[in-house]
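A look at the structure
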Amino acid sequence: MTKFFLTVHVLAAILCVGPVTVAASMFPPIARRMLGAETPDAGGLQVLHRITRVYAWAGLAVPVFGFAVAGGMQVMDEAWLIVSIVLTLAAALVLAFLVVPAQSAVLAVADQPAEVRSGLLSKAKLLSMTSGIFGLLWLIVLVLMVVKPGHTKG
């Protein structure tokens, strides 16, 4: 059963966390162009925002099956796993409370005059940073999952 949970865990990570990370990182540069444009087109941003939100919810399968795998392998007390859990929680909080709301704020001004839109350019730059932090946290979790430093259970 552990192999099944591991397969679903890895598949969910690839199919859910991958797209949300890519969509979140693509949003800021397109948002900066849209915010500075004479005639903005937010269609692509709306798609990226939808991908970010939907795949974030679907990505909850990753830690759910991850806990099932860790329980089956009896590694819940391993430091690499505990750090991974904390970083996964941090990534989820960054996404939920920084990335998604900032994307929503950018989309909310898409139909506003250029002066209003240009006021959000700094928010788009901050969104670049928070999206990068989100991606970096997942990268660190990935490395911890593969390398498993200090792993003692064989």
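Residues numbered from 1 in each chain as written. Predicted model: local features only at pLDDT ≥ 70, side-chain atom pairs only at ≥ 80, totals over all residues. Heavy atoms only, no water.

1. With respect to the overall build of the protein chain
- In terms of helices and strands, the protein chain carries six helices and zero strands.
- Secondary structure elements in the protein chain, listed N-terminal to C-terminal, are α-α-α-α-α-α.
- Taking all 154 residues of the protein chain together, 34% fall into the buried category.
- Across the protein chain, contacts joining residues at least 24 apart in sequence account for 83% of those joining residues at least 6 apart.
- When the accessible area of the protein chain is evaluated, it comes to approximately 8,600 Å², of which 72% is carbon and sulfur surface.
- Taking the 10 positively charged and 6 negatively charged side chains of the protein chain as two groups, their mean positions are separated by 7 Å. (Helix = DSSP H or I, 4+ residues; strand = E, 2+ residues; numbered from the N terminus. Buried < 20%, exposed > 50% of the residue type's maximum accessible area, 1.4 Å probe, protein only. Contact = heavy atoms within 4.5 Å. Areas by Shrake-Rupley, 256 points an atom, 1.4 Å probe, with all protein chains shown as cover. Lys, Arg positive; Asp, Glu negative; His and termini not counted. Charge placed at Lys NZ, Arg CZ, Asp CG, Glu CD.)

2. Some remarks on the UniProt feature "transmembrane region" (unreviewed entry) in the protein chain
- In the numbering adopted here, UniProt assigns the feature "transmembrane region" (unreviewed entry) to residues 54-73, 80-106 and 126-147.
- Each end of residues 80-106 is marked by a C-alpha atom, and these two atoms are 37 Å apart; helix forms 100% of the span and strand 0%.
- The span residues 126-147 is 100% helical and 0% strand by assignment, and the distance between its end C-alpha atoms comes to 31 Å. (UniProt positions renumbered as here; feature names shortened; annotations may be inferred.)

3. Here we look at the environment of Ile14
- Here Ile14 shows up in helix 1 (residues 2-36).
- Overall, the relative accessible area of 55% leaves Ile14 in the exposed class.
- Through-space distance from the C-alpha of Ile14 to that of Leu35 is 31 Å; in sequence the pair is 21 residues apart.

4. What about the layout of surface pockets?
- Size it by volume and the largest pocket reaches roughly 1,100 Å³.
- As for the largest pocket, its lining consists of 43 residues, and the residues nearest its centre are Val17, Val62, Pro63, Thr88 and Trp138.
- Elements represented by at least two residues in the lining of the largest pocket include exactly helix 1, helix 2 (43-58), helix 3 (61-73), helix 4 (79-108) and helix 6 (121-147).
- In terms of residue count, helix 4 provides more of the lining of the largest pocket than any other element does, 13 residues in total.
- For the lining of the largest pocket, the residue count by class is 35 nonpolar, six polar and two charged. (1 Å grid on protein atoms, 1.4 Å probe; cavity = no way out; pocket = protein on both sides within 12 Å on 5 of 7 lines; lining within 4 Å. Points joined across faces, edges and corners; volume = space filled by probe spheres on them. Nonpolar A, V, L, I, M, F, W, Y, C, P; charged D, E, K, R; others polar.)

5. Regarding helix 4
- The end-to-end C-alpha separation of helix 4 is 42 Å, in line with the 44 Å expected for 30 residues at 1.5 Å each.
- The largest bend in helix 4 amounts to roughly 35° and is located at Leu95. (Expected span 1.5 Å × (residues − 1). Bend = angle between axes of the 7 residues up to and from the residue.)

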